[in-house]
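# Residue-level structure breakdown
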Amino acid sequence: QVQLVESGGGLVQAGASLRLSCAASGRTFSSYAMGWFRQAPGKEREFVAAIRWSSTYYANSVKGRFTIFRDNVKNTVYLQMNSLKPEDTAVYYCAANQIGRATMEPREYDYWGQGTQVTVSS
């Protein structure tokens, strides 16, 4: 069983930055693919970014503004979010795929965190 705990959300103004963290339990963290997703009110959960080993993948809407990276010693994956926009407002979730497949499909992730709220005001 893997537990994921997100932190770092908050209320910021447009143009600001935030860094989300997701701390994972488990001895084989380095072999997991990790993803970040978000869900705004009334919308489906959508892919934001994923990382598998050193390979990274991004949604077009965040490419160039967000960066996903991981620290396998700390069992933590991060999402650095720069130039935030009001449309980035959502609950952000991290997820783990235990077979190491970095995918955009939420259903292919095995474990999920509880989510952290990000609100960007205009």
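These numbers come from a predicted model, not from an experiment. (Residues numbered from 1 in each chain as written. Predicted model: local features only at pLDDT ≥ 70, side-chain atom pairs only at ≥ 80, totals over all residues. Heavy atoms only, no water.)

### Details of the overall build of the protein
When its secondary structure is counted, the protein shows 0 helices and 11 strands. Relative to the globule expectation of 14 Å for 122 residues, the C-alpha radius of gyration of the protein, 13 Å, shows essentially globular dimensions. C-alpha extents for the protein along the principal axes are approximately 40 × 30 × 25 Å. In the protein, buried positions account for 44% of the 122 residues. In the protein, the proportion of contacts linking residues at least 24 apart, taken out of those at least 6 apart, comes to 59%. Separation of charge centres in the protein, based on 13 positive and 9 negative side chains, amounts to 5 Å. (Helix = DSSP H or I, 4+ residues; strand = E, 2+ residues; numbered from the N terminus. Rg over C-alpha atoms; globule rule 2.2 N^0.38 Å. Buried < 20%, exposed > 50% of the residue type's maximum accessible area, 1.4 Å probe, protein only. Contact = heavy atoms within 4.5 Å. Lys, Arg positive; Asp, Glu negative; His and termini not counted. Charge placed at Lys NZ, Arg CZ, Asp CG, Glu CD.)

### Some words on the packing of aromatic side chains
Considering all chains together, one arrives at 6 aromatic pairs under this definition. Ring centres of Phe37 and Phe47 lie 5.8 Å apart, and the angle between their planes is 75°; on these two criteria the pair is classed as edge-to-face. Of the two residues, Phe37 sits in strand E4 (residues 33–39) while Phe47 sits in strand E5 (residues 46–52), which places them 10 residues apart along the sequence. Side by side, Phe37 and Phe47 carry an identical accessibility label, which is buried. Relative to Tyr78, the ring of Phe69 has its centre 4.9 Å away and its plane inclined at 20°; by these criteria the two rings are stacked. Members of the aromatic cluster, connected to one another through ring pairs, are Phe37, Phe47, Tyr93, Tyr109 and Trp112. For Arg45, the ring lying beneath its charged end belongs to Trp112, and the centroid distance is 4.7 Å. (Phe/Tyr/Trp six-rings, centres within 6.5 Å; stacked < 30°, edge-to-face > 60°. Lys NZ or Arg CZ within 6 Å of the ring centre and 35° of its normal.)

### A closer look at the pairing of E5
Where burial is concerned, most of E5 is hidden: 5 out of the 7 residues are buried. Sheet topology note: the E4/E5 ladder contains 5 bridges and is antiparallel. Paired with Met34 across the two strands is Ile51, which belongs to E5. Turn length for the E4-E5 hairpin, with the two strands adjacent in sequence and antiparallel, is 6 residues, and the turn residue Gly42 shows positive phi of about 80°. (Pairing = 2+ DSSP bridges.)

Just distances and angles here, no functional claims.
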